[in-house]
Protein chains: 4
Amino acid sequence: MKSKKVAIVGASGYSGEVLVQLLLNHPHAELVAVTSRQNAGQTLAQVFPKFASHPKSKTLRFSEPNAAVLAQQAEVVFLALPHGVAAEFAVPLNAAGCVVIDLSADFRLRSAEVYKEFYAHDHPAPELLKTAVYGLPEVYREEIKKSLLIASPGCYPTSILLPTIPLLKAGLIQPTGIIADSLSGVSGAGRKAEVDYLFCECNESVRPYGVPKHRHLSEIEEQLSFAAGTKVTIQFTPHLIPVNRGILTTLYLAPAEAFGDAAGADAFGKKIAACYQQAYATEPFVRLLEGKALPDTKNVVGTNVCEFAWRLDPRTGRLIVMSAEDNVVKGASGQAVQSMNLVCGWPETSGLI
Amino acid sequence: MKSKKVAIVGASGYSGEVLVQLLLNHPHAELVAVTSRQNAGQTLAQVFPKFASHPKSKTLRFSEPNAAVLAQQAEVVFLALPHGVAAEFAVPLNAAGCVVIDLSADFRLRSAEVYKEFYAHDHPAPELLKTAVYGLPEVYREEIKKSLLIASPGCYPTSILLPTIPLLKAGLIQPTGIIADSLSGVSGAGRKAEVDYLFCECNESVRPYGVPKHRHLSEIEEQLSFAAGTKVTIQFTPHLIPVNRGILTTLYLAPAEAFGDAAGADAFGKKIAACYQQAYATEPFVRLLEGKALPDTKNVVGTNVCEFAWRLDPRTGRLIVMSAEDNVVKGASGQAVQSMNLVCGWPETSGLI
Amino acid sequence: MKSKKVAIVGASGYSGEVLVQLLLNHPHAELVAVTSRQNAGQTLAQVFPKFASHPKSKTLRFSEPNAAVLAQQAEVVFLALPHGVAAEFAVPLNAAGCVVIDLSADFRLRSAEVYKEFYAHDHPAPELLKTAVYGLPEVYREEIKKSLLIASPGCYPTSILLPTIPLLKAGLIQPTGIIADSLSGVSGAGRKAEVDYLFCECNESVRPYGVPKHRHLSEIEEQLSFAAGTKVTIQFTPHLIPVNRGILTTLYLAPAEAFGDAAGADAFGKKIAACYQQAYATEPFVRLLEGKALPDTKNVVGTNVCEFAWRLDPRTGRLIVMSAEDNVVKGASGQAVQSMNLVCGWPETSGLI
Amino acid sequence: MKSKKVAIVGASGYSGEVLVQLLLNHPHAELVAVTSRQNAGQTLAQVFPKFASHPKSKTLRFSEPNAAVLAQQAEVVFLALPHGVAAEFAVPLNAAGCVVIDLSADFRLRSAEVYKEFYAHDHPAPELLKTAVYGLPEVYREEIKKSLLIASPGCYPTSILLPTIPLLKAGLIQPTGIIADSLSGVSGAGRKAEVDYLFCECNESVRPYGVPKHRHLSEIEEQLSFAAGTKVTIQFTPHLIPVNRGILTTLYLAPAEAFGDAAGADAFGKKIAACYQQAYATEPFVRLLEGKALPDTKNVVGTNVCEFAWRLDPRTGRLIVMSAEDNVVKGASGQAVQSMNLVCGWPETSGLI
């Protein structure tokens with residue numbers, strides 16, 4: 001299989017670290033450049049001691065990011081940059097023919113207005129919003145294969161969209177009243193030197209934040225609206241939990257039809273099960289839990305899997321779906337690599353299992 | 001102030017440990033007996049090394065539980081026993097004139113039928129359900145003062161009831177559609193030698209459990225129904241979080257009136273604020289957060305305080321209330337001591353601040 | 001008992017926070033001022049939400065530190081400042097007659113040369129080194145009572161000195177070859193926004209640091225030398241452990257006489273036991289563990305107790321002593337309050353039990 | 001490369017879990033059987049949900065352990081059993097021609113007397129002690145390749161032996177006075193339902209245990225004695241630390257020659273560096289840290305690497321060596337797989353990088 005040269009721009013955060021790990025061990029991608037303003041000149045081994053045993057870690061050095069140079073070096077470029085900055089690289093790299101896989105929020109939305117509402121500044125490259133593809137392979141596999149600009153989804157959105165989109169598409173749940181209550185590990189806050197994320201401030205602490213209008217709502221609602229065929233507005237409450245990695249999302253959903261008592265729940269449950277089977281039975285990175293099993297972040301951390309379970313509650317008439325994923329793998333870098341595999345024509349699971 | 005002799009039956013678990021701590025340092029209560037089948041004969045210092053510096057810890061020994069003996073020794077007896085067992089002690093102790101403060105679920109419900117539905121066995125002493133008072137001082141202060149049998153509330157219920165009852169009583173929220181999403185520290189599972197609660201099974205893990213019908217629903221719904229004046233059925237999802245202590249509950253509530261846009265939210269918000277002010281402004285153990293502050297378990301752990309904040313979301317029309325408490329203090333032993341203070345005529349905050 | 005007005009300079013770190021907590025609840029001290037450059041103007045409740053239920057927390061505001069103003073306000077001033085800065089306040093406050101209790105390293109040494117060797121700058125007020133008392137009450141109780149300037153010991157030193165000094169004084173161990181291997185919770189690093197102390201960098205991580213010449217060596221060796229009557233040089237290795245609070249120190253000591261086999265160990269052990277009994281049997285904040293018990297930080301966190309156990313190893317001829325304390329209570333703020341109690345003539349345990 | 005069939009006896013603990021993970025993903029080994037008395041009949045996916053996405057996890061079922069059956073199924077058998085039990089399987093499996101890789105302590109010692117001293121029962125198969133090879137590939141590579149019975153080392157021993165053996169062999173350190181102070185994650189205690197290892201007992205706790213005579217001393221001292229050519233007795237203190245995985249060991253060693261001041265340390269340091277270079281420069285799983293780097297368990301967890309750094313202290317004349325490893329990978333299952341690779345003639349790093 002033909003290998004390709006890949007680069008990472010902004011590789012010194014937690015997503016960048018996982019990207020480096022996945023690409024160093026990828027069977028077809030060859031990591032040729034990593035950039036970081038703050039770490040320029042240092043080797044991979046110096047910045048990430050845990051990779052020091054990899055032969056490339058002592059020779060590959062961080063460089064200052066430069067789009068023109070990167071376009072010469074690599075055929076695929078991952079952007080692990082803050083929102084608002086990614087466009088500076090995406091535009092020239094795309095122009096030079098590079099595939100760009102952006103882990104920021106910059107190209108996840110179709111609407112520059114919604115972007116401005118949620119990110120508080122004008123979109124830096126609105127013309128690219130038309131060509132970018134939302135990098136959720138389970139939903140946009142074919143589009144990703146043909147795209148030059150892939151906007152890899154956010155961590156919370158992935159945990160919410162995967163369990164919800166098939167139900168909306170099948171008309172099994174109402175598009176109104178959706179509630180997503182999410183719990184995230186601290187790596188979601190990034191490798192930022194802020195007091196709020198110090199060990200002593202997070203350990204033995206559980207807290208909500210960003211209530212009620214977190215930025216990820218914009219992409220979640222846009223994607224749910226596409227699935228439902230109507231505008232969807234949801235309730236989303238993120239919480240910070242003292243684990244390094246992992247997101248656990250609990251979804252409260254209203255079935256499209258009242259299913260009634262336990263017998264009705266059985267009947268309606270068969271439809272739910274069939275819908276999920278059809279959507280995900282052959283997906284390598286979605287795991288439908290069976291029997292009494294409920295999701296647990298410890299069973300997905302370090303993998304590119306999103307697992308979930310659901311329950312119908314005859315007492316309230318609601319459908320509860322609970323999902324778990326690793327926020328920096330399936331919720332970020334693993335999913336980005338999955339998109340790379342698709343766009344490069346490699347087996348989708350390459351380097352991910 | 002006249003002191004009283006108190007005893008604890010079943011003092012070797014986490015709630016028992018906190019009870020011991022609070023009572024050893026209480027200005028008016030004198031801890032005279034602690035019982036535990038498994039630790040009988042050992043001193044407090046041997047079972048709880050952290051109390052070893054307290055003078056009484058080397059002389060007070062655990063004994064086999066015996067209601068007749070306890071009735072001789074103490075005027076107030078705390079029961080920290082599994083449900084189904086507490087009645088064995090409550091009946092003879094009450095008959096002997098002792099005040100019983102029960103931390104189990106046995107006397108929290110008014111209905112023996114609901115008890116059987118949720119606890120899967122007949123109620124062991126249904127006649128006492130009439131005399132027992134639900135030990136939530138902020139709601140039943142006067143009843144507690146006069147009671148011989150106080151059923152101290154569960155940890156989850158406390159975190160849900162305190163923020164919800166005033167709103168229901170004031171008719172500010174609808175009694176339908178209430179969702180409580182709760183996150184609990186591992187001490188809530190008790191000091192039981194089970195694989196599920198080993199360090200390596202809980203650390204770096206976040207998981208829901210008991211979905212969709214947790215036992216605590218029974219007392220939550222009964223109390224909410226009393227407040228609403230109509231039968232209330234709620235959705236409740238508990239999650240296990242890797243902290244020792246603390247519960248964080250996020251409540252999704254439907255305002256009784258549609259408040260509309262941001263301006264409407266301001267107006268309706270004033271009603272919420274006024275309702276909470278009226279209910280809790282003078283309560284020593286309820287903290288209404290102000291400004292941008294959101295609850296954080298680390299700010300309440302080790303205290304008898306339940307703190308909460310609320311937000312109106314004009315995008316969804318919902319009211320979000322978030323509460324935090326220490327599950328073994330305000331959610332168990334602290335609240336039980338608060339009830340003891342009331343029934344003994346001592347200042348309500350004695351030994352708790 | 002006559003109360004006194006006290007102030008804290010630099011109260012926004014972890015030691016400051018515990019000082020605030022202890023002083024808010026102290027029966028004789030009245031906290032009248034807290035200073036912090038970064039938090040000036042904010043109330044205690046705003047900076048430390050966990051104290052928000054204390055009546056004083058909403059009225060007491062942080063001010064800019066000003067020695068002249070503080071000298072007017074308070075009779076006792078705690079300095080919780082970085083080393084090198086404390087002298088700026090200690091000099092004028094002492095001159096104005098205030099008792100100063102300094103939690104920094106500035107006045108812990110008798111030698112300005114050693115200070116410069118370990119802290120890499122000239123001592124800012126060498127003349128005060130003669131009047132300052134090392135604030136380890138178990139060793140310098142009488143001196144503390146009469147002092148205007150108390151240098152409260154470091155966290156690691158406290159855990160090392162308490163178990164070692166009596167043995168050196170009694171000539172039971174050799175003054176050479178002492179090794180102290182210490183494990184500290186992350187609060188020891190302070191509330192500093194540095195990447196090294198982020199949750200994700202500390203959680204699931206165990207690491208040594210500052211090897212082989214940590215600054216605390218200077219005061220440890222000076223105090224051990226005083227006890228031994230000869231210059232003592234020790235080996236000290238600190239490690240960072242993912243807990244919020246607590247220090248566990250394991251000491252490797254060479255008995256002054258070869259004790260031989262198990263029988264010899266019994267005989268020599270009686271001398272160790274007697275030595276510790278004599279030194280600490282009546283000390284309120286030193287706990288000698290008995291039987292099979294070994295120290296555990298969870299049994300001392302939140303208390304002003306240092307607990308320890310010892311073992312003689314007939315296989316190696318060594319004495320192993322293991323101690324545990326809360327690094328911000330007995331290792332910092334609690335010990336400082338203990339000194340305050342002494343210097344103010346209050347019961348030594350006031351506000352600490 | 002010719003693949004082989006392998007089995008695991010006793011695969012339900014933490015070491016077993018990692019073995020399953022490594023063998024499911026191994027390029028040459030084919031996992032054909034896993035046994036567990038308590039889980040017999042269940043699939044891998046049921047016992048270890050995290051492997052549920054592996055195709056084999058739903059078909060491979062735990063069986064009752066039976067040596068005769070295993071000898072039919074597999075050419076290589078891993079024993080992850082308690083000490084004292086492993087021999088029951090090792091004897092018949094070896095007799096049937098299977099390679100046995102034992103993770104218990106049963107075959108690590110050459111001396112049945114020492115075994116009895118430390119394990120408190122007669123050795124169950126003393127005749128095998130002569131044929132067994134201590135499975136530390138960096139020391140016994142050639143012997144492992146030819147062995148039918150490989151005794152995989154303990155977790156603590158690996159972290160102590162790798163940094164110490166080359167120094168002893170080179171005569172650079174004295175064989176007396178060695179101290180090893182080790183910190184282990186809780187997985188080292190196994191997946192046992194005991195109160196001591198509950199989350200709430202380990203979290204926010206740091207504690208020594210097994211002082212002064214831990215069982216691992218027997219194999220450590222035997223191996224160090226072989227390296228030194230003289231009987232070595234060491235001091236070893238294990239501590240329990242609230243992380244899932246990882247061991248950090250700090251070694252206090254006496255150089256064979258006094259190196260004197262800083263200049264002498266430079267000169268002697270060159271010898272240490274050269275010794276380690278010679279021993280480990282080409283070893284795939286030993287990482288010599290350079291510059292200011294110190295070991296950190298988070299940089300080795302999940303890998304088969306043992307990393308270490310050393311410092312000479314001119315103040316004390318000592319050599320300090322600090323090592324980190326994953327206790328269930330390099331300290332158990334990873335090292336066992338490394339031995340399997342050797343004995344099977346596969347590249348030593350197969351399935352481990």
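Procedures and definitions
- Residues numbered from 1 in each chain as written.
- Chains lettered and ligands numbered in written order.
- Predicted model: local features only at pLDDT ≥ 70, side-chain atom pairs only at ≥ 80, totals over all residues.
- Helix = DSSP H or I, 4+ residues; strand = E, 2+ residues; numbered from the N terminus.
- Rg over C-alpha atoms; globule rule 2.2 N^0.38 Å.
- Contact = placed C-beta atoms within 7 Å.
- Least-squares fit on C-alpha atoms with pLDDT ≥ 70 in both.
- Axes fitted to C-alpha atoms, helices over the stretch in contact; angles between N-to-C directions.
- Parallel < 35°, antiparallel > 145°, perpendicular 65-115°, else oblique.
- Nonpolar A, V, L, I, M, F, W, Y, C, P; charged D, E, K, R; others polar.
- Buried ≥ 20, exposed ≤ 12 C-beta atoms within 10 Å, placed from the backbone.
- Pairing = 2+ DSSP bridges.
- Right-handed = clockwise from strand over helix to strand, strands pointing away.
- Expected span 1.5 Å × (residues − 1).
- Bend = angle between axes of the 7 residues up to and from the residue.
- Domains from an automatic or database assignment.
- Left-handed = near helix turned anticlockwise from the far one by under 90°.
- pLDDT = per-residue confidence, 0-100.

1. Considering the overall build of chain A
Consideration 1: The secondary structure content of chain A amounts to eleven helices and 14 strands.
Consideration 2: Computed over C-alpha atoms, the radius of gyration of chain A comes to 20 Å, within 12% of the 20 Å expected from 2.2 N^0.38 for 353 residues, which places it in the range of a compact globule.
Consideration 3: By principal-axis analysis of the C-alpha atoms, chain A measures approximately 65 × 45 × 40 Å.
Consideration 4: In chain A, of all internal contacts separated by at least 6 residues, the share reaching a separation of at least 24 is 69%.

2. Examining the relation of the copies chain A and chain C
Consideration 1: At an RMSD of 0.0 Å, chain A and chain C line up after a rotation of 180° and a shift of 0.0 Å along the axis. The two molecules are tied by a two-fold rotation axis, judged by turn and shift.
Consideration 2: When you check the interface residues of chain A against chain C, 100% turn up at the interface there too, and the contact is symmetric in its surfaces.

3. Quick word on the environment of Cys306(C)
Residue and element names in this part refer to chain C.
Consideration 1: For Cys-306, the position within the fold is in strand S13 (residues 306–313).
Consideration 2: Each C-alpha atom, one on Cys-306 and one on Pro-163, is 9.2 Å from the other, the two residues being 143 residues apart in sequence.
Consideration 3: In this view, Cys-306 contacts Thr-158, Ser-159, Leu-162, Phe-285, Val-286, Val-300, Ser-323, Glu-325 and Lys-330; residues no more than four positions away in its chain are not counted.

4. Details of the packing of helix H7 (residues 155–169) of chain B against helix H11 (residues 329–344) of chain B
All names here are of chain B.
Consideration 1: In contact at an axis separation of 8 Å, H7 and H11 are set at 95° when each is read in the N-to-C sense. With respect to H11, the axis of H7 lies roughly perpendicular. Here Cys-155, Thr-158 and Ser-159 of H7 lie close against H11, whose contacting residues are Lys-330, Gly-331, Ala-332 and Gln-335.
Consideration 2: For the contact of H7 with H11, a count of residues per class yields two nonpolar, four polar and one charged.

5. A short note on the pairing of strand S5 (residues 99–102) of chain B
Residues and elements named next belong to chain B.
Consideration 1: The side-chain alternation of S5 yields two buried faces, one formed by Val-99 and Ile-101 and the other by Val-100 and Asp-102.
Consideration 2: Two elements, strand S4 (residues 76–79) and S5, share four bridges in a ladder whose sense is parallel. Looking at S5, one finds that Val-77 is bridged to Val-100.
Consideration 3: You can see the chain leave S4, run along helix H4 (residues 86–95) and come back into S5, and the turn it takes is right-handed.

6. Concerning helix H11 (residues 329–344) of chain C
All names here are of chain C.
Consideration 1: For H11, built from 16 residues, the straight-helix expectation of 22 Å at 1.5 Å per residue is missed by more than 12%, its first-to-last C-alpha distance being only 19 Å.
Consideration 2: Helix geometry: H11 is bent most strongly at Gln-335, by close to 45°.
Consideration 3: Where H11 ends, the next residue or the one after it, Gly-345, has phi of about 80°, a positive value.

7. Considering the domain arrangement of chain A
Residues and elements named next belong to chain A.
Consideration 1: Partitioning chain A into domains gives domain 1 (4–131) and domain 2 (156–327).
Consideration 2: With nine residues of domain 1 in contact, the opposing surface of domain 2 contributes eight residues.
Consideration 3: Of the residues forming the side of domain 1 that touches domain 2, the biggest block, three residues, is contributed by helix H5 (residues 112–119).
Consideration 4: The residue inventory of the side of domain 1 that touches domain 2, partitioned by class, reads six nonpolar, one polar and two charged.

8. Re the interface of chain A and chain C
Reports of interface size often rely on the accessible area that becomes lost once the parts have come together.
Consideration 1: Tallying the contact residues gives 16 residues for chain A and 16 residues for chain C.
Consideration 2: Of all the elements, helix H8 (residues 199–202) of chain A adds the most residues to the side of chain A that touches chain C, at three residues.
Consideration 3: Here the side of chain A that touches chain C is composed, by residue class, of ten nonpolar, three polar and three charged.

9. Looking at the pairing of strand S8 (residues 179–184) of chain B
Residues and elements named next belong to chain B.
Consideration 1: Most of S8 is tucked away: six of the six residues are buried.
Consideration 2: Going residue by residue along S8, you find Ile-179, Asp-181 and Leu-183 tucked away on one face and Ala-180, Ser-182 and Ser-184 tucked away on the opposite face as well.
Consideration 3: Judged from the six bridges that link them, S8 and strand S10 (residues 235–240) form a sheet pairing that is parallel. Following the sheet pairing, Ala-180 is matched in S10 by Phe-236.
Consideration 4: Direction of pairing for S8 relative to strand S11 (residues 247–253): antiparallel, over a ladder of six bridges. Residue pairing across strands places Leu-183 opposite Leu-248, the latter belonging to S11.

10. A word on the environment of Ala180(D)
Consideration 1: You can see Ala180(D) is positioned in strand S8 (residues 179–184).
Consideration 2: Linking Ala180(D) and Val100(D), residues 80 residues apart in sequence, is a C-alpha distance of 30 Å.

11. Side note on the environment of Ala74(A)
All names here are of chain A.
Consideration 1: Among the secondary structure elements, Ala-74 is positioned in the loop between helix H3 (67–73) and strand S4 (76–79).
Consideration 2: Here Ala-74 falls in the buried class, since 23 other C-beta atoms lie within 10 Å of it.
Consideration 3: Placed 67 residues apart in sequence, Ala-74 and Ala-7 show a C-alpha to C-alpha distance of 5.9 Å.
Consideration 4: Residues within four places of Ala-74 in sequence aside, it is in contact with Lys-5, Val-6, Ala-7, Val-32, Ala-33 and Cys-98.

12. Some remarks on the sheet that holds S4(A)
Residues and elements named next belong to chain A.
Consideration 1: One open sheet holds the seven strands; their spatial order is S3-S2-S1-S4-S5-S7-S6, and the pairing between them is parallel. Looking at the sheet topology across the chains shown, the edges are occupied by strand S3 (62–63) and strand S6 (133–134).
Consideration 2: The sheet contact formed by strand S1 (residues 4–9) and S4 spans four bridges and is parallel. Paired with Val-9 across the bridge in S4 is Leu-79.

13. A look at the packing of helix H1 (residues 14–24) of chain A against helix H11 (residues 329–344) of chain A
All names here are of chain A.
Consideration 1: Direction vectors running N to C along H1 and H11 enclose 40°, while the axes themselves pass 9 Å from each other. On the basis of the axis angle, H1 is oblique to H11. For H1 against H11, the interelement crossing comes out right-handed. Along its contact with H1, which presents Ser-15, Val-18, Leu-19 and Leu-22, the element H11 presents Val-329, Ala-332, Ser-333, Gly-334, Ala-336 and Val-337.
Consideration 2: Of the residues contributing to the contact of H1 with H11, the split by class is seven nonpolar, three polar and no charged.

14. Observations concerning the interface of chain B and chain A
Consideration 1: Each partner contributes to the interface: chain B provides 37 residues, whereas chain A provides 37 residues.
Consideration 2: Split by residue class, the side of chain B that touches chain A holds 17 nonpolar, ten polar and ten charged.

15. Concerning the sheet that holds strand S2 (residues 29–35) of chain C
Residue and element names in this part refer to chain C.
Consideration 1: Taken in spatial order, the seven strands line up as S3-S2-S1-S4-S5-S7-S6 in an open sheet, and their pairing is parallel. The two strands at the open ends of the sheet, each matched to only one other strand, are strand S3 (62–63) and strand S6 (133–134).
Consideration 2: Packing against the sheet, H11 makes contact with strand S1 (4–9), S2, strand S4 (76–79), strand S5 (99–102) and strand S7 (149–151), and its axis sits at approximately 160° to S5.

16. Some remarks on unusual backbone geometry
Consideration 1: For the peptide bond that leads from Val211(B) to Pro212(B), omega is 0°, which places it in the cis range.
Consideration 2: Summarising the element assignment, Pro212(B) is placed in the loop between strand S9 (207–208) and helix H9 (217–228).
Consideration 3: For Ala120(A), which is not glycine, the phi torsion reads 65° and is therefore positive.
Consideration 4: Within the secondary structure, Ala120(A) is located in the loop between H5 and S6.
Consideration 5: You can call Ala120(A) exposed: it has 9 C-beta atoms within 10 Å.

17. Quick word on the confidence of the model for chain A
Consideration 1: Here chain A shows a mean pLDDT of 96. Residues at 70 or above account for 100%.
Consideration 2: Under the prediction, the complex receives an ipTM of 0.96, its pTM being 0.97.

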